[in-house]
Structure formats: structure tokens, C-alpha cells
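Breakdown of the fold
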Amino acid sequence: MSDLVKKINLEQKFANLVYKDFQAKRFGLTPCCTPDVNEIKFTKWLCDYQDLKEHDDALEGTPDLDITYVDCDAIVPVPEPTPPDDIPVIPIPACQSLDFDGVDEQLYTSGIDTSGYINKGNDHTISVWFKPLYINGTTTFTTLYFFNFYDYGGGPVFPQGFMLFADPNNNKVYYSMWANDPAQYYMTSECTFTFTSGQWYNLTMTSDGIDGNNILFYINGTQIPTNVLSNTFSSANTINYGSINNFYRVGTQWFNSATPTRTAWSKFVYHSLRVWNKILTPAEITQEYNSGTLLSPAVEVANLKVQLEPYNSIWNNTLLRYSVPESISPAAFTSSNMEQIDLVNDCPQ
Amino acid sequence: MSNRYFIIDSSDPNLDTILGYSVEDLTSVRRREDDTKYVIKLRNGDTNNYPELALYVEYNINQILLTMNDADWQFDLNILIGS
């Protein structure tokens, strides 16, 4: 019988004795036939000690094994490489996105300022990845609000801001900018495109901030012809981003104190948003589209001004809201009326 | 479990109590264009039968969206595009 089998037998014998002793005490059985457990216990400990000692005594050095001793205190850690100051680090995003229910869910922030580029006369590009979701496979009701700053004005004051949105009911994508002083000035262009529910799309819009004829739409890297709806954005005035209703939004239109939520809402899965302070070329837009979910590195990274990362959303269990990072400013958007399950494992591939 | 939706009267005397059941507060609830109705959303997993909601119809997400698919609940986009 090997030493191992002997040891197993001893362990089993000890366990049986403990069990019998427990039964005797619990049910009042006489310990007539049960040896004293303490005596067995002592014997077992002794055997264990002898086993260890015999094992240690039998140890021999391993032949042909060279052991190198290392002084751990002398090791100098290698620092992480640091990028140049003017190039932001773009981490690879997780394959996650936020699911908007089309009823009352949105993202908003006042923590960024696009007045230096999304404004009258300034070149800019807005790019989003999203997946529309239609009820019963139809476009019935939903408007898709991708990114906007919309100050309703509240009556005597006209609206001002910008808005990239789509209306699947008439298969249109729109980009609008407004200035409101001393009168209302619009610049709105549209393109025609039919989205399919449940498919991922990359929508990119470029604008010089002054002429609706120069608004270009690209969907999945392909330019779609533009139709100008209004083109009076020629006032000397610019958009006032310091106005009272100064919120940037995704998923809905505005959030005015007088009429907080009397507007349309979006039903889509939203993966990411990027904004540049320049007009991307068609080749750069194609490159962005082809990067798919990786999104890394961004083209023209030095001109990247907004990168909203729903895929990195963090749930606050106290406030019951998501904090959605914007990594360039940096700032954070906040979710409204979302639930934790709205961060879904889905992304453009 | 899916969210539960109710369309309630904005003049409901139990409004404050009902809002206490919903995801957030009055500033974030969905409103009808004439401000006479609110959409109350009970968070995922809330299966309570609140007495203040007993008289109202309960909707799932598809039902509530289809119910709101009319001019009473939808914004006129022409205001946005300047046409």
C-alpha cells in the first residue's frame, strides 16, 4: 500500500470517527464501540507531522537546474509611453450602445462648447453611428435626433442652435442651423434616404456653417445628393451658446422649462458621436465608415472636438442615470429616464 | 421584465403620488401637445399594482408608441426646418 493510500485511509477513518462521535452525542448513543476521538485526533496529527518530515527529508535538488537569483528591489519599472500633448488618446470602444425607447429617454449636457466650430461661418463635420428601430417594421412615428443644441427661445425670441436629425416617415435626413437676432435666420438642407429598421448606419454631415448648398450628407461612406430648403443664414449674428436653455441633446429635441418634453423622441440604438472643426474629405469619411466599431484612430484627430462614448456609459445606482463620457473636452452627458438595461451589447461591426 | 406605461391625466389629484412611482419626475415625463396627458413609466421590474393607476390603461412599449403616433403627441417638424 502506498503512502498516499495510507493517508487517505487515515483521513477517512478519522472522518468516520468524528461522525460516529457526533451521532453518539446528538442521539444519546453510548460510545461503547467508538474509540476516543481525541486519541485518534492526536494520532492523526502525529502521522501528519511524520509524513511531512519524511517528505522533507526525502527532498533532493533537481539536477541540471540553474537557479538565477533576482534582486527585486533593483528592478527599475519601464514607464508607459506617453503621446504628444496635442494628440488625444482614443481607446478602442467596447461593443456596447445605448437603447433609446422613443418615449422619454435622452442624453443631455451643458459641459461642452461648440461655439468655436458649430457656428455661423465655421467648418465642421458631425458623424454618428446608430441603428433605427421601428415598431412593427414600419417608420410609423419616430424622428431620429442625432445631435443638437436647440434653444426654443420661448415665444418672442426665435429659436437658435443646430440640429442633425432624420424623419423616417418621409425618408429625409436634415441638418439645420439657426440664428435669432434680430430676426430668424435658417440654413436647412435635406437628403433622401430610406433607413431599414435594425440595421447599423454611419451618418456623416459636413458644413461650412454659412451656405445650405455646401451641406453634404454621407451615409455609410456614400454621398447622398443635397436639397436646400432654406438658406437665409447670412446675418452677422451667431448662435449664442450661453443662452438659458443651453443643453446639447441626443435622442430628443429640446428641454424648455415651459414645455419640457412636448416634442418627438427617438427610438434607436446609439453607438457614438464624433464632431470635427473642419470639413472631412470623402476619403476620410470612407475611412471613418470602414473603421466600424473600432473607431480608432480617428481621422484628423487633432481637429476632433467631440467624441461621445455611449459604449463607455457608467450607471449611477444612486441617481439611476447613466454618465456618458465625452472624451475630448472632456465632459459627460447624462441620461434621462433610462434604465440600466438600456446599455446593450450591440455595436456596428 | 419590460417597462410598464400609463397615460394619465395631468389634472389627476394623485399626480404627485403617481410621479413618485415613475422613473424620474415631472420635468422629464413625456407630455401631450395640449399638456392634458402625461406618460408615466414604471421602471423595469416594478410589478406593483398601485391603486392610483388602477383606472388607467397599461401599455407595453410597442403599444404606447403606436398610441402616441398622432399629432397630439408628435412635434411639427416644419417648425425646425423653416418651411
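This text gives an overview of the structure that appears in the document. Quick caveat, the model's predicted, so the values are computed rather than measured.

We now examine the overall build of chain B. Across its full length, chain B holds three helices and four strands. Its helices and strands taken in sequence order, chain B reads β-α-β-β-β-α-α from the N to the C terminus. By sequence separation, contacts in chain B at least 24 residues apart represent 74% of the contacts at least 6 residues apart. Working note: accessible area of chain B is about 4,100 Å², and carbon and sulfur atoms make up 47% of it.

With that settled, the discussion passes to the overall build of chain A. Secondary structure summary: chain A contains three helices and 18 strands in total. Per-residue burial over chain A gives 47% buried out of 349 residues. In chain A, the proportion of contacts linking residues at least 24 apart, taken out of those at least 6 apart, comes to 66%. Accessible surface, chain A: about 17,200 Å² in total, of which carbon and sulfur atoms supply 55%.

Right, let's talk about unusual backbone geometry for a bit. Across the junction of Ser 329 of chain A and Pro 330 of chain A, the peptide omega takes the value -15 degrees, indicating a cis bond. Its location among the elements puts Pro 330 of chain A in the loop between strand S16 (321-326) and strand S17 (331-336). We note that Asn 171 of chain A has phi near 55 degrees; this positive angle belongs to a residue other than glycine. Along the chain, Asn 171 of chain A falls in the loop between strand S5 (160-167) and strand S6 (172-179). Among the residues examined, Asn 171 of chain A registers a relative accessible area of 25% and is labelled partly exposed. Despite not being glycine, Asp 35 of chain B has its phi angle at roughly 70 degrees, a positive value.

Core analysis: the largest hydrophobic core is formed by 50 residues, its most contacted members being Ile 118, Ile 126, Phe 130, Phe 147, Phe 162 and Tyr 175 of chain A. If we skip the residues at most four places from it in the chain, Ile 126 of chain A touches Ile 118, Phe 147, Phe 162, Leu 164, Tyr 175, Leu 203, Thr 204, Met 205, Leu 273, Arg 274 and Val 275 of chain A. Counting 12 residues, the second-largest nonpolar core is a separate cluster that includes Ile 18, Tyr 38, Ile 40 and Leu 42 of chain B.

Here the focus is the sheet that holds strand S3 (residues 37-42) of chain B. Residue and element names in this part refer to chain B. Pairing is antiparallel across the open sheet formed by four strands, whose spatial order is S2-S3-S1-S4. Strands at the two margins of the open sheet, each flanked by one partner only, are strand S2 (30-31) and strand S4 (58-59). Sheet topology places S2 next to S3; two bridges connect them, and they run antiparallel. Residue pairing across strands places Arg 30 opposite Val 39, the latter belonging to S3.

All names here are of chain A. Position of Thr 334 among the secondary structure elements: in strand S17. Between the alpha carbons of Thr 334 and Lys 278 there is a distance of 27 Å; along the sequence they are 56 residues apart. Apart from residues lying up to four places away in sequence, Thr 334 is in contact with Gln 106, Leu 107, Tyr 108, Arg 321 and Tyr 322.

Next up on the list: the environment of Val 269 of chain A. With respect to the helices and strands, the residue Val 269 of chain A is situated in strand S13 (residues 268-276). With residues up to four places along the chain from it excluded, the contact list for Val 269 of chain A reads Ser 97, Leu 98, Asp 99, Trp 129, Phe 130, Lys 131, Leu 133, Trp 200 and Val 344 of chain A.

What counts, and at which threshold
- Residues numbered from 1 in each chain as written.
- Chains lettered and ligands numbered in written order.
- Predicted model: local features only at pLDDT ≥ 70, side-chain atom pairs only at ≥ 80, totals over all residues.
- Heavy atoms only, no water.
- Helix = DSSP H or I, 4+ residues; strand = E, 2+ residues; numbered from the N terminus.
- Contact = heavy atoms within 4.5 Å.
- Areas by Shrake-Rupley, 256 points an atom, 1.4 Å probe, with all protein chains shown as cover.
- Buried < 20%, exposed > 50% of the residue type's maximum accessible area, 1.4 Å probe, protein only.
- Core = buried A, V, L, I, M, F, W, Y, C linked by side-chain atoms within 4.5 Å.
- Pairing = 2+ DSSP bridges.

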